[in-house]
Amino acid sequence: MRPDARAWFETRTTSAASLTEVDAAALLRAKRRGGHRISVVLPARDEEATVGRLAADIVDRWMRRVPLVDELVVVDSDSTDATAAAARAAGADVVATADVLPAHGTRPGKGEALWKSLAATTGDLIVFHDADLLGDVAHYVPALVGPLLTDPTVGYVKGCYTRPLSVDGVTSPAGGGRVTELTARPLLNALWPELAGVVQPLAGEYAGRREFLEQVPFSSGYGVEVGLLLDLVELIGLSGLAQVDLGVRRHTSQTQDALSRMAGQVVSAVLARAGHDRAVHGLLTQFRHGEDGFEPYSSPVAVDERPPMTSLPEYRALRAAFA
Ligand SMILES: O=c1ccn([C@@H]2O[C@H](COP(=O)(O)OP(=O)(O)O)[C@@H](O)[C@H]2O)c(=O)[nH]1
Ligand SMILES: O=C(O)[C@@H](COP(=O)(O)O)O[C@H]1O[C@H](CO)[C@@H](O)[C@H](O)[C@H]1O
């Protein structure tokens, strides 16, 4: 690891791997001292099986028992199941991606849901958290927002964790984060070695200051995490980035061919920022093997980006009305 990456890793990595390591009272004092308002966003597409428990835990732990969180918004990302009903029943506010900033239409993808969440929330600090997590993750929210509450030099916080992998009912203690290990990490180490200390660059759990999040574009699909990481480090500097060890993360994993398409979107988002002279082809061709041999099929993986939210007059008007 390059000296700058190691120095960052050693000075900007903290741990809050369990609730016992979270000093909730101190965080509440820091929140009040700083006059902060905290929003939690769960992007959810077809997560009826998990979103309710996750939302109920956040409402119970961090809104009712300890008023750390001011609003919990589940962004229903074109779900076809009862995600919205399950989230609402758990006490979350629910918005459909298509209903936010309708004049700007709607696009499929996780990044679209996250971009729209900026217009559907009011906190100056925002925590993003996947809606398919398994096990007790109640410490994630305070652990992620903690550095933003206690260190004004931190602008963006990434979660990191060990990642067991469950495939076809068989769970291995490691092996999760396949796109991270096989695509994102090698690419980032090659092109941005100063980021080699980031343990989980694609982590779906992170927190940031709105003043920065609203200044960067959002890739509409799965390129959103790597795009935000690169654009925010560009905006606030590596020293403005921190990471928190959250312990273990388990979630409902996708198939390899779905992750290959995810990797295609991650590669497109990285290459769009890498500066190169070759056009980036926006299609990923994969293969099935049928009775007549290999059958190719292609999926779009081109970068589809939304502009910085501050560039929208409607957003600026929303913020002015809230101020
Ligand atoms: O179009 C999408 C795709 C995903 N997600 C959500 O983004 C999170 C991470 O997505 P996914 O589980 O598909 O990715 P993985 O965790 O397998 O990498 C989950 O809460 C999804 O419900 C979303 O809101 N819209
Ligand atoms: O980290 C990864 O390699 C992928 C896939 O994880 P798994 O191999 O299914 O455990 O998951 C992450 O990547 C997505 C794209 O950035 C994020 O949206 C997900 O939140 C995150 O789980």
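As a reminder, the structure under discussion sits directly above these lines.
Cut-offs and rules
- Within every chain, residues take consecutive numbers counted from 1 along the sequence as written.
- Labels follow written order: the first chain is A, the first ligand is 1, and so on.
- The predicted origin of the model limits local features to residues at a pLDDT of at least 70 and limits the giving and counting of side-chain atom pairs to 80 or more, whereas totals for whole chains, interfaces and linings rest on all residues.
- Excluded from the side-chain calculations are hydrogens and water; all other atoms, namely the structure's heavy atoms, are used.
- Strands are runs of DSSP state E lasting at least two residues, helices are runs of H or I lasting at least four, and both sets are numbered from the N terminus onward.
- The reference for a compact globule is 2.2 Å times residues^0.38; the radius of gyration itself is calculated from the C-alpha atoms.
- Relative accessibility decides the category of a residue: with a 1.4 Å probe and only protein chains considered, values under 20% of the type maximum give buried, values over 50% give exposed, and everything between is partly exposed.
- The contact criterion used throughout is that any non-hydrogen atoms of two residues lie within 4.5 Å.
- Only the protein chains shown count as cover for residues, and all accessible areas are computed by the Shrake-Rupley method using a 1.4 Å probe.
- Working convention for charge: Lys and Arg count positive, Asp and Glu count negative, and His plus the chain ends are omitted.
- Every charge is mapped to an atom, namely NZ of Lys, CZ of Arg, CG of Asp or CD of Glu.
- The span expected for a helix works out to 1.5 Å for each residue beyond the first.
- In this analysis, rings of Phe, Tyr and Trp, with Trp reduced to its six-membered ring, are considered paired at centre separations within 6.5 Å, and the interplanar angle assigns stacked below 30 degrees, edge-to-face beyond 60, and tilted for intermediate values.
- In our convention, an over-ring charge means Lys NZ or Arg CZ found within 6 Å of a ring centre and within 35 degrees of that ring's normal.
- Nonpolar core, defined: a set of buried Ala, Val, Leu, Ile, Met, Phe, Trp, Tyr and Cys residues in which side-chain atoms within 4.5 Å join the residues together.
- Whether a residue is near a molecule or strand depends on its heavy atoms: if one lies within 4 Å, it is near.
- As used in this structure description, the phrase polar contact means that two N or O atoms lie within 3.5 Å; if the pair is within protein, one of them must be able to donate a hydrogen and the other to accept it, and residues adjacent in sequence are counted only when both atoms belong to side chains.
- All residues other than Ala, Val, Leu, Ile, Met, Phe, Trp, Tyr, Cys, Pro, Asp, Glu, Lys and Arg, Gly among them, are scored as polar; the first ten of these are nonpolar and the last four charged.

Enquirer: When you look at the overall build of the protein in this model, what are you seeing that I'm missing?
Expert: Broken down by element type, the protein carries 11 helices and 16 strands. In terms of C-alpha radius of gyration, the protein reaches 19 Å, essentially the compact-globule figure of 20 Å for 323 residues. Taken along its principal axes, the extent of the C-alpha atoms in the protein is 65 × 50 × 45 Å. Put simply, the protein has 323 residues, and 51% of those count as buried. Long-range pairs, those at least 24 residues apart, make up 74% of the contacts in the protein with a sequence separation of at least 6. Per element, the accessible surface of the protein, about 14200 Å² overall, is 55% carbon and sulfur. In the protein, which carries 32 positive and 40 negative side-chain charges, the distance between the mean positions of the two groups comes to 5 Å.

Enquirer: Is there a simple way to explain helix α10 (residues 256-274) in this structure?
Expert: Over its 19 residues, α10 extends 26 Å from the first C-alpha to the last, a length consistent with the 27 Å expected when each residue adds 1.5 Å. Along α10, the positions that sit buried rather than exposed are A258, L259, M262, A263, G264, V266, S268, A269, V270 and R273. For α10, the secondary structure elements touched by its buried residues are α7 (178-191), β11 (218-219), α9 (224-236) and β16 (305-306). At the C-terminal side of α10, G275 shows a positive phi close to 70°.

Enquirer: How do you make sense of the packing of aromatic side chains when you look at a structure like this?
Expert: Within a pair of aromatic rings, the relevant descriptors are the distance that separates the centres and the angle that separates the planes. Scanning the model with the defined rule gives four aromatic pairs in all. Ring centres of F128 and Y206 lie 5.3 Å apart, and the angle between their planes is 35°; this geometry places the pair in the tilted category. Taken as a pair, F128 in strand β5 (residues 125-128) and Y206 in strand β10 (residues 206-209) lie far apart in primary sequence, 78 residues in all. Seen from their ring centres, Y140 and Y161 are 6.1 Å apart, and the 20° between their planes marks the pair as stacked. Pair noted here: Y140 is in helix α6 (residues 140-150) and Y161 is in strand β7 (residues 156-162), with a separation of 21 residues, a long-range link. Each member of the pair Y140 and Y161 is classed as buried. A cation over an aromatic ring shows up here: R288 above the ring of Y297, its NZ or CZ 3.8 Å from the ring centre.

Enquirer: Please explain the nonpolar core as it appears in this structure.
Expert: Inside soluble globular proteins, nonpolar side chains tend to come together where they are buried. Grouped together as the largest cluster of nonpolar side chains are 47 residues, with contacts concentrated most on L42 and L68. No other element matches α6, which puts seven residues into this core. The contacts of L68, once residues within four sequence positions are left out, are L27, L28, K31, I38, W62, P142, V145 and L149. If you look at the next biggest cluster of nonpolar residues, it comprises 45 residues, including V198, F212, L238 and L241.

Enquirer: Looking at this structure, how should I read the site of ligand 1?
Expert: Within the structure, ligand 1 sits among 15 residues, and P43, R45, E47, S77 and Y222 are positioned closest to it. Measuring from an oxygen atom of ligand 1, one finds a side-chain N or O atom of E47 at 2.7 Å. A distance of 2.9 Å is found between an oxygen atom of ligand 1 and a side-chain nitrogen or oxygen belonging to Q254. In isolation ligand 1 has 510 Å² of accessible area, and contact with the protein removes 92% of it. Looking at the shell around ligand 1, its residues break down into five nonpolar, five polar and five charged.

Enquirer: Is there a simple way to explain the side chain of R249 in this structure?
Expert: Mapped onto the fold, R249 is located in the loop between β12 (241-248) and β13 (250-251). Under the relative-accessibility criterion, R249 is labelled buried at 2%. Within the local environment of R249, its side chain forms a polar contact with the side chain of E205, the two groups lying 2.8 Å apart. Contact partners of R249, with chain neighbours within four places excluded, come to D130, L133, Y140, Y161, T162, R163, P164, G204 and E205.

Enquirer: Explanation requested: the site of ligand 2 in the structure shown.
Expert: Not every one of the 17 residues close to ligand 2 is listed here, only the nearest: D130, R163, R178, V179 and T180. One of the side-chain N or O atoms of H251 is found 2.8 Å from an oxygen atom in ligand 2. In isolation ligand 2 offers 500 Å² of accessible surface; the protein chains occlude 97% of this area. At the level of elements, α7 and α10 are the ones that each hand at least two residues to the shell around ligand 2. Looking at which element gives the most residues to the shell around ligand 2, the answer is α7, with three residues. The residue makeup of the shell around ligand 2, split by class, is five nonpolar, six polar and six charged.

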